[in-house]
Amino acid sequence: MTQYMPTIASLAAAAAILLAGCSPSNPESPRRSRAPFGKVDGKEVFLYTLRNKSGMEARITNYGGIVVSLLVPDRSGRPGDVVLGYDSLSSYLKATPYFGAIVGRYGNRIGKARFTLEGKEYTLNANDGPNTLHGGLKGFDKVVWEADENTPATQPSLSLSYLSRDGEEGYPGSLKAAVVYTLTDSNELRIDYAATTDKPTVLNLTHHSYFNLAGAGSGEILSHELMLNADRFTPIDSGLITTGELKPVEGTPMDFRTPAAVGARIGVTDDQLRFGRGYDHNWVLNKTGGELSLAARVSEKTSGRVMEVWTTEPGVQFYSGNFLNGTNIGKGGKTYAYRTGLCLETQHFPDSPNKPAFPSTVLRPGEKFASTTAYRFSTR
Ligand code: BGC
């Protein structure tokens, strides 16, 4: 039998957890707690609950880094779950359109599932016709991440890491990826991404929550008002691959510089909307560099909820849930029909590895990739 002898390090870690209010052994008023969620690939999967001091609660699993639920107060203080998802791990394993997941190694599409880096061509697993989407057949959304439960934190947070081996899904280089979710007391869910590699590779990490500010399962998102802080977008071809142009939004249904209902122009005759089957495009954010800046603001009248998206990334994919079809049973037995959730995926531009004029997604040994996105909630 091994006897448990507390070391100075373990005592320090325990003290840090208690100071952060994150003790899993105190279920009464914890700011972070943990419950078993099942097993994948022989590894334990947990569901972590983060609570802040302002009425928000996030439940996140280390399978795919998925945000399973996100409770946000409405204008009268009533909490509502604003993200689509499932009640059980088995439902996520069966079929999911990336509900709430961390997406990688390369979020969004890479045309013809290949790219050339430093003179060498790499072939990826195609999973979207001839293209690769969201990391391939088994992307970062379908792996078990390691949860570091000992990181001292002053706010409720969850640190996850994943080692993606050299050649996984066709990508070169062993990539160490880390994601920290923090639920701040000012009602924001912040995501800090970091990565290093041992060979040159490409990287585009994002988060894929489907939001419905009136509550998951409550109907279409077409009356949500959206502002996108972008003068330009990256047009796509009929296979949803970026053409390489940066096109002004002026005079097109892609112009969300002044807030407009998602549904206001979604039905107009327009090639871009036809190719995307609605909105499924990357907007080029107005910013000077890699500063944390406002990308988008969404508001919903009945609940009064407002969500702002802030990011250090150069782009955001606004996807209006055009492939949702109500076939899978979601949380509380609700189904998610066509356009009942919207995604705002902060990112580098789609197919950048094949578009030399786009901001680079190459990560080299010795470099540290770092990126931050915050979903900030308020009411009006
Ligand atoms: C993409 C869509 C895709 C969806 C997967 C989005 O990020 O832009 O084209 O269908 O993810 O559910």
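Predicted model, so just to flag it, every value in this text is computed and none were measured.

This part covers the overall build of the chain. What the chain contains, in helices and strands, is 3 helices and 27 strands. The C-alpha atoms of the chain give a radius of gyration of 20 Å, which matches the 21 Å a tight globule of 380 residues would have. Across the 380 residues in the chain, those meeting the buried criterion constitute 56%. In the form shown here, the chain has an accessible surface area of approximately 15,800 Å², with 53% of it arising from carbon and sulfur atoms. The distance from the centre of the 40 positive side-chain charges to the centre of the 38 negative ones in the chain is 2 Å.

All residues in the neighbourhood of the ligand are listed as Pro97, Tyr98, Arg109, His134, His208, Tyr210, Asp280, Gln317, Tyr319, Phe323 and Glu345. Here an oxygen atom of the ligand sits 3.3 Å away from a polar atom, N or O, in the side chain of glutamine 317. With the chains in place, 94% of the 310 Å² that the ligand exposes on its own is no longer accessible. In terms of residue class, the shell around the ligand is built from 5 nonpolar, 3 polar and 3 charged.

So, on to unusual backbone geometry. Cis geometry marks the peptide bond from glycine 104 to arginine 105; its omega dihedral reads -5 degrees. Following the sequence through the fold, arginine 105 ends up in the loop between strand E6 (101–103) and strand E7 (109–110). Positive phi outside glycine occurs at glutamate 169, with the angle close to 60 degrees. For glutamate 169, a relative accessible area of 13% puts it in the buried group.

In the structure shown here, the tally under the stated rule is 22 aromatic pairs. Ring centres 6.3 Å apart and planes at 50 degrees place the aromatic pair tyrosine 279 and tryptophan 283 in the tilted group. We note that tyrosine 279, like tryptophan 283, is buried. Taken together, the ring pairs connect Tyr86, Tyr92, Phe99, Tyr210, Tyr319, Phe323 and Tyr336 into an aromatic cluster. The residue whose ring lies beneath arginine 34 is phenylalanine 46, and the NZ or CZ to ring-centre distance is 3.8 Å.

Taken as a whole and assessed by the stated rule, the structure comprises 19 salt bridges. The closest approach of N and O atoms between lysine 355 and aspartate 351, which form a salt bridge, is 2.8 Å. One network of salt bridges, with partners in common, ties together Asp231, Glu250, Asp255 and Arg257.

Low-confidence regions, as indicated by low pLDDT, have predicted coordinates that should not be scrutinised in detail. Residues of the chain with pLDDT of at least 70 account for 92%, and the chain-wide mean is 92. Counted against residues more than four places away or in other chains, residues 1–29, with its pLDDT under 50, gives 20 contacts.

Its place among the elements puts alanine 95 in the loop between helix H2 (89–94) and E6. Of the residues examined, alanine 95 reaches a relative accessible area of 32% and is grouped as partly exposed. Sequence separation of alanine 95 and asparagine 328 is 233 residues, and the distance between their C-alpha atoms is 7.9 Å.

For the rest of this paragraph, the subject is the sheet that holds strand E24 (residues 315–319). On the basis of which strands lie adjacent, the open sheet formed by 5 strands has the order E19-E18-E21-E24-E25 and antiparallel pairing. The open sheet has two edge strands, strand E19 (247–248) and strand E25 (343–347), and neither has a second partner.

On to the pairing of strand E23 (residues 305–311). In terms of residue burial, E23 counts as a mostly covered element, since 6 of its 7 residues are buried. Pairing of strand E22 (residues 293–299) with E23 involves 6 bridges; the strand directions are antiparallel. Bridging from a neighbouring strand, leucine 294 pairs with tryptophan 310 of E23. Linkage of E22 to E23, two consecutive antiparallel strands, is achieved through a turn of 5 residues, within which glycine 304 is found at a positive phi near 80 degrees. The pairing of E23 with strand E27 (residues 369–379) spans 7 bridges and is antiparallel. Residue pairing across strands places valine 309 opposite tyrosine 375, the latter belonging to E27.

What counts and what doesn't
- Residues numbered from 1 in each chain as written.
- Predicted model: local features only at pLDDT ≥ 70, side-chain atom pairs only at ≥ 80, totals over all residues.
- Heavy atoms only, no water.
- Helix = DSSP H or I, 4+ residues; strand = E, 2+ residues; numbered from the N terminus.
- Rg over C-alpha atoms; globule rule 2.2 N^0.38 Å.
- Buried < 20%, exposed > 50% of the residue type's maximum accessible area, 1.4 Å probe, protein only.
- Areas by Shrake-Rupley, 256 points an atom, 1.4 Å probe, with all protein chains shown as cover.
- Lys, Arg positive; Asp, Glu negative; His and termini not counted.
- Charge placed at Lys NZ, Arg CZ, Asp CG, Glu CD.
- Near = heavy atom within 4 Å.
- Polar contact = N/O pair within 3.5 Å; in protein donor to acceptor, adjacent residues only side chain to side chain.
- Nonpolar A, V, L, I, M, F, W, Y, C, P; charged D, E, K, R; others polar.
- Phe/Tyr/Trp six-rings, centres within 6.5 Å; stacked < 30°, edge-to-face > 60°.
- Lys NZ or Arg CZ within 6 Å of the ring centre and 35° of its normal.
- Salt bridge = Lys/Arg side-chain N within 4 Å of Asp/Glu carboxyl O.
- pLDDT = per-residue confidence, 0-100.
- Contact = heavy atoms within 4.5 Å.
- Pairing = 2+ DSSP bridges.

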